[in-house]
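Chain by chain, the residues run as shown.
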Amino acid sequence: MSYKISDACVGCGACARMCPVEAIDLKDNKMMIDESKCIECGVCAGVCPVGAPNID
Ligand code: SF4
Ligand code: SF4
């Protein structure tokens, strides 16, 4: 289990700046969460203006 970023993402970068374990990065022009790093803290979901990160 890990958070995932949906297509609603507008690429603002707020989640990547706030993630405590630096699990979020641009990949092929999309924000992606590295599932092996994510600790499911929910910070990305909290800062995202469009609600793109969700737990699956
Ligand atoms: Fe980073 Fe937490 Fe979001 Fe996982 S849930 S990607 S650890 S901010
Ligand atoms: Fe995308 Fe939301 Fe992250 Fe901004 S905070 S880059 S809109 S997932």
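Nothing here was measured: the structure is a model prediction, and the numbers come from that model.

Conventions adopted
- Residues numbered from 1 in each chain as written.
- Chains lettered and ligands numbered in written order.
- Predicted model: local features only at pLDDT ≥ 70, side-chain atom pairs only at ≥ 80, totals over all residues.
- Heavy atoms only, no water.
- Buried < 20%, exposed > 50% of the residue type's maximum accessible area, 1.4 Å probe, protein only.
- Helix = DSSP H or I, 4+ residues; strand = E, 2+ residues; numbered from the N terminus.
- Pairing = 2+ DSSP bridges.

> Is there a simple way to explain the pairing of strand 3 (residues 30–33) in this structure?
Consecutive residues of a regular strand have side chains that alternate between opposite faces of the sheet. On strand 3, burial follows the alternation: M31 and I33 on one face are buried, whereas K30 and M32 on the facing-out side are not. Direction of pairing for strand 2 (residues 24–27) relative to strand 3: antiparallel, over a ladder of four bridges. Within the sheet, the bridge partner assigned to K27 lies in strand 3 and is K30. Hairpin connection, strand 2 to strand 3: the antiparallel pair is bridged by two residues, and D28 has positive phi, about 50 degrees.

> Quick question: what am I supposed to make of unusual backbone geometry here?
Of all residues except glycine, most have a negative phi; of all peptide bonds, most are trans. Its identity as a non-glycine residue notwithstanding, E22 has a phi of 50 degrees, on the positive side. Exposure remark for E22: the relative accessible area of 62% places this residue in the exposed category. Positive phi values are uncommon outside glycine, yet E40 reaches one of about 60 degrees. Of note, E40 is situated in the loop between strand 3 and helix 2 (43–47). With a relative accessible area of 37%, E40 lands in the partly exposed category.

Taken by themselves, the reported measurements are silent on function.
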